[in-house]
Amino acid sequence: MKQFIDLSTWPRREHFAFFSKFDEPFFGLVADVECTHAYAEAKRLGVPFFLYYLHKALQAANEVEEFRYRIEDGQVYCYDRIHASATIGRPDRTFGFSFIEQQDDLADFVAGANAEIAAVQQSTGLRLNDTTGRPDVIHFSAIPWVRFTGLTHARSFQFPDSCPKISVGQTYQEGATLRMAVAVNVHHGLADGYHVGLFLEAFQRLLS
């Protein structure tokens, strides 16, 4: 379900109009999160760490209303719930897009995600279709080979995109804690640095 945002009374109407005219309306930042407890908990539960933190990232994104805003035909809508279109790697070093439905229960989420991962790994090509290309998703990717401090995304400026893009990097040890970088890119007409901060705060709380 989604709710129509009345632009005439929306406090962000000028921000939306201003940034929507940009060739590149997205902005992004990179911040570290501490994931010592999350990694240990994933191991204890027998859950892949990727799916554990993806579940927490989706929970955090759903907590922030601005991360549920989407632009469709020039209008802004707020979705009740958003899911993940994550890139899934294959043994041949290609990847495919997925649709992983958000579930409040971790076990249900992992079961659905594992089924989708198996489908991606048994396929070829990008798997770009009406399901993986739904607007009510965050675009998610993991880059576990690189401890990055910055990240850019390939984008077609002709394609009307407003989905947040979240990427995580390689985990690394810092003293007694395990950490990883999180890159967040959002449409500036829909969200500001404050809202990215709310997401990162919620993500850290859920990981801890």
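Placed above this text is the structure.
Summary of the structure given here. (Residues numbered from 1 in each chain as written. Predicted model: local features only at pLDDT ≥ 70, side-chain atom pairs only at ≥ 80, totals over all residues. Heavy atoms only, no water.)

So, about the nonpolar core. Among the nonpolar cores identified, the biggest contains 45 residues, and Phe67, Phe140, Val184, Phe199 and Phe203 are the most heavily contacted of them. The element best represented in this core is helix α3 (residues 49–63), accounting for nine residues. Once you skip the residues sitting within four places of it in the chain, Phe199 turns out to touch Ala57, Ala60, Ala61, Val64, Phe67, Ile166 and Val184. If you look at the next biggest cluster of nonpolar residues, it comprises eight residues, including Ile5, Phe16, Ile71 and Leu190. (Core = buried A, V, L, I, M, F, W, Y, C linked by side-chain atoms within 4.5 Å. Buried < 20%, exposed > 50% of the residue type's maximum accessible area, 1.4 Å probe, protein only. Helix = DSSP H or I, 4+ residues; strand = E, 2+ residues; numbered from the N terminus. Contact = heavy atoms within 4.5 Å.)

Another aspect to go through is α3. The end-to-end C-alpha separation of α3 is 21 Å, in line with the 21 Å expected for 15 residues at 1.5 Å each. Along α3, twelve of the 15 residues are buried, which leaves the element largely enclosed by surrounding structure. (Expected span 1.5 Å × (residues − 1).)

What follows is about the state of the cysteines. Considering all chains together, one arrives at zero disulfides under this definition. Not part of a disulfide, Cys78 finds its nearest cysteine sulfur in Cys163, a span of 13 Å. On the basis of relative accessibility, which here comes to 8%, the residue Cys78 falls in the buried class. (Disulfide = S-S within 2.5 Å.)

Right, let's talk about the pattern of salt bridges for a bit. In the structure shown here, the tally under the stated rule is eleven salt bridges. Notably, a salt bridge pairs Arg12 with Asp192, separated by 2.7 Å at the nearest N-O pair. Taken together, the residues Arg12 in the loop between β1 (2–4) and α1 (13–19) and Asp192 in the loop between β10 (177–187) and α5 (193–207) connect sequence positions 180 residues apart. One salt bridge in this structure joins Arg179 and Glu174, with 3.9 Å as the shortest N-O distance. When its relative accessible area of 43% is taken as the criterion, Glu174 is described as partly exposed. The network of salt bridges with common partners includes Glu24, Arg155, Asp161 and Lys165. (Salt bridge = Lys/Arg side-chain N within 4 Å of Asp/Glu carboxyl O.)

With that settled, the discussion passes to the layout of surface pockets. Of the pockets and cavities examined, the largest pocket occupies roughly 930 Å³. The wall of the largest pocket is formed by 34 residues, among which Phe97, His139, Phe159, Asp161 and Lys165 lie closest to the centre. When residues of the lining of the largest pocket are traced back to their parent elements, those giving at least two are β3 (69–72), β5 (83–89), β6 (95–97), β7 (137–142) and β8 (165–168). The residue inventory of the lining of the largest pocket, partitioned by class, reads 14 nonpolar, 13 polar and seven charged. In this structure, the second largest pocket occupies an estimated 560 Å³ of space. (1 Å grid on protein atoms, 1.4 Å probe; cavity = no way out; pocket = protein on both sides within 12 Å on 5 of 7 lines; lining within 4 Å. Points joined across faces, edges and corners; volume = space filled by probe spheres on them. Nonpolar A, V, L, I, M, F, W, Y, C, P; charged D, E, K, R; others polar.)

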